[in-house]
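Read off the chains here:
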There are 2 protein chains.
Amino acid sequence: MVGQGARQSTTPAAAVGAAKDAARPGAASAAGAWQDFSPPALRPALAAALACFMENGYHGTTIRQVATRAGLSVPGLYHHFPSKQALLVALDDEAMNELWNRSTAALADGPQSVLDRFDRLIRCLTLFHAHRGELAFIALSEIRSLEGSARAEHIAARDRQQALLSGIIDEGVATGIFDAPHPRETSRAITTMCTGVAQWYRIDGELTPEELADRYGRLCRLTAGAAAGS
Amino acid sequence: MVGQGARQSTTPAAAVGAAKDAARPGAASAAGAWQDFSPPALRPALAAALACFMENGYHGTTIRQVATRAGLSVPGLYHHFPSKQALLVALDDEAMNELWNRSTAALADGPQSVLDRFDRLIRCLTLFHAHRGELAFIALSEIRSLEGSARAEHIAARDRQQALLSGIIDEGVATGIFDAPHPRETSRAITTMCTGVAQWYRIDGELTPEELADRYGRLCRLTAGAAAGS
DNA sequence: GATAAAACCGAGCGAGCGCTCGGTAAAGTA
DNA sequence: TACTTTACCGAGCGCTCGCTCGGTTTTATC
């Protein structure tokens, strides 16, 4: 008995993006928009490539498979993308940019205490990897298939993303909110936990992304050594 | 600044396999042998394949690259392994079997309280993924490159392995040692943390595997909601 | 309807793929 | 020494790969 009907939010973060305080002056995008996930809306050729890469990996996928899946001939596919590598790079950019945009929006959207920002970032990471699992999985697992400067750019984007979390954890340790004698490993462990969601979570499984985010929010607080009563 | 000289063990598990009774040749399995990691000792062709797969993935590696790396011609390589797929399967078996053997040995070797077994299993997982990172990484990331029954066998081995940890967590929740309202997610998160070590840990980095295992032991206890004073 | 751009495709090129054929060289055994 | 087994390789087969050539069809605009 796991998927009980009653949906309850066990962390304060779950209430943060509720629609009540929608009108905030100066915000470019609507409050809480970082946790709205409409269907992916990838261009058809990219969607086909993503599905193929998920099944067989980048090197295990042929350009003919992608074309067939997209309902195109091989030259028809090449009308939209100049190479197989370009498909992978476009998917990778899509993943890294969407995660970054949502993460920075989540951090800006609401109370600014360390714990509030931590909760929102964890929620953002978990929701993203649940809703955009395939995109995130390819971006993570096909790094070594990126050629030339694309690989360095991916790693830079990943480090920038990782710095968001480790910065917050360092802050929390400094202010005594977190008890983490080794912040680097703590940060790495939490990141791994959240990105790992993309490896096993199924959107049609027992948990909704929001339920999962609640549970992971609690787990990550524990892992970070958050003060018990907060 | 980070790799301080003083090596301290922060969990009881760290003391279990102290070096005194390390090498007992001839014994079926000496106490603590599950945490002794001598150099991998893969057959040359397998070692070459592992290095190639790490760099370019299974589908991105050619049989000629493996042969060259092994110091063999292509037919020379095929004298030892009948196909490219057989190389991957052999590496996968090596990884899954070694982890299973070490894990069951760790569980049997020492005090049998839930927390003792939890600590030893976490230590075993962390040490394995630190010392055998490449092997573990390939076994994890090339599942979809396994053909035919090999994939099903890998998944069965993985589930069996995963059950070791989730069984202990269920026990701990039942006896009140762990505070985990959602044991399935807790177990999954901890597994992900430990296997994730293979993705970033470098043996020549700042931390020794033993230091890392100490830190991860503490983190995993926190994540599992282990009672504070234990 | 005329024109131009965008979208698309049948056929196929050169290269590299996994793998094998038919052998030789070295090592073990009597 | 004769024989067998193990370890190995030069050459190359058949095939599929990523990609492109030289077109036709569809759509947008006037």
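Please refer to the structure higher up on the page.
Residues numbered from 1 in each chain as written. Chains lettered and ligands numbered in written order. Predicted model: local features only at pLDDT ≥ 70, side-chain atom pairs only at ≥ 80, totals over all residues. Heavy atoms only, no water.

Okay, the protein's contact with DNA strand D next. Among the 16 residues in the neighbourhood of DNA strand D, the closest are listed as Arg64(A), Tyr78(A), Ser73(B), Pro75(B) and His80(B). The protein-proximal atoms of DNA strand D, defined as those within 4 Å of the protein, are 48% sugar or phosphate. Within the backbone of Ile63(A), an N or O atom sits 2.9 Å from a phosphate oxygen of DNA strand D. Within the side chain of Tyr78(A), one N or O atom sits 2.7 Å away from a phosphate oxygen of DNA strand D. (Near = heavy atom within 4 Å. Polar contact = N/O pair within 3.5 Å; in protein donor to acceptor, adjacent residues only side chain to side chain.)

Let us now look at the protein's contact with DNA strand C. In the neighbourhood of DNA strand C, 16 residues make up the surrounding shell, with Ser73(A), Pro75(A), His80(A), Thr62(B) and Arg64(B) lying closest. In DNA strand C, atoms within 4 Å of the protein come from the sugar-phosphate backbone in 46% of cases. Within the backbone of Ser73(A), a nitrogen or oxygen atom sits 2.6 Å from a phosphate oxygen of DNA strand C. Here His79(A) contributes a side-chain N or O atom positioned 3.1 Å from a phosphate oxygen of DNA strand C. Of all the elements, helix H4 (residues 74-80) of chain A adds the most residues to the surface near DNA strand C, at 4 residues. (Helix = DSSP H or I, 4+ residues; strand = E, 2+ residues; numbered from the N terminus.)

Let's shift gears to the side chain of Gln161(A). Assignment of secondary structure puts Gln161(A) in helix H8 (residues 149-175). Contacts of Gln161(A), omitting those with residues within four sequence positions, involve Leu99(A), Trp100(A), Ser103(A) and Leu125(A). (Contact = heavy atoms within 4.5 Å.)

This part takes up the packing of helix H5 (residues 84-108) of chain A against helix H7 (residues 133-141) of chain A. Residue and element names in this part refer to chain A. Where H5 contacts H7, the two axes come as close as 9 Å, and the packing angle between them is 115°. Considering the angle they form, H5 stands roughly perpendicular to H7. Viewed along their axes, H5 and H7 form a crossing whose handedness is left-handed. Listed contacts from H7 to Leu-88, Leu-91, Asp-92, Glu-94, Ala-95, Met-96 and Glu-98 of H5 are Leu-135, Ile-138 and Ala-139. Residues of the contact of H5 with H7, tallied by class, amount to 7 nonpolar, no polar and 3 charged. (Axes fitted to C-alpha atoms, helices over the stretch in contact; angles between N-to-C directions. Parallel < 35°, antiparallel > 145°, perpendicular 65-115°, else oblique. Left-handed = near helix turned anticlockwise from the far one by under 90°. Nonpolar A, V, L, I, M, F, W, Y, C, P; charged D, E, K, R; others polar.)

For helix H9 (residues 183-200) of chain A, which comprises 18 residues, the first-to-last C-alpha distance of 26 Å matches the rise-based estimate of 26 Å (1.5 Å per residue) to within 8%. For H9(A), a buried count of 13 out of 18 residues is recorded, marking the element as mostly surrounded by other parts of the structure. (Expected span 1.5 Å × (residues − 1). Buried < 20%, exposed > 50% of the residue type's maximum accessible area, 1.4 Å probe, protein only.)

What follows is about the relation of the copies chain B and chain A. One copy of the chain maps onto the second through a rotation around an axis plus a translation along that axis. Of the transformation placing chain B onto chain A, the axial shift is 0.0 Å and the rotation is 180°, giving an RMSD of 0.0 Å. Taken together, these values place the two copies in the relation of a two-fold axis. Of all interface residues in chain B, 97% are interface residues in chain A too; the two copies therefore contact each other through one and the same surface. (Least-squares fit on C-alpha atoms with pLDDT ≥ 70 in both.)

Right, let's get into the interface of chain B and chain A. Contact with chain B, which involves 38 residues of that partner, is made by 37 residues of chain A. Where chain B abuts chain A, roughly 2900 Å² becomes buried across the two surfaces, and 56% of that area is made up of carbon and sulfur atoms. When residues of chain B are sorted by the area they lose upon contact with chain A, Arg144(B), Glu185(B) and Trp200(B) head the list and together hold 22% of the total. Summed over the shared surface of chain B and chain A, the result is 8 salt bridges. Its salt-bridge partner being Arg215(B), residue Glu185(A) comes within 2.9 Å of it at the nearest N-O pair. Inspection of the chain B/chain A interface yields 13 residue pairs in polar contact (both at pLDDT 80 or more). Going through the elements one at a time, helix H1 (44-56), helix H6 (133-141), helix H8 (183-200) and helix H9 (209-223) of chain B are the ones with two or more residues in the side of chain B that touches chain A. (Buried area = accessible area lost by both parts, 1.4 Å probe. Salt bridge = Lys/Arg side-chain N within 4 Å of Asp/Glu carboxyl O.)

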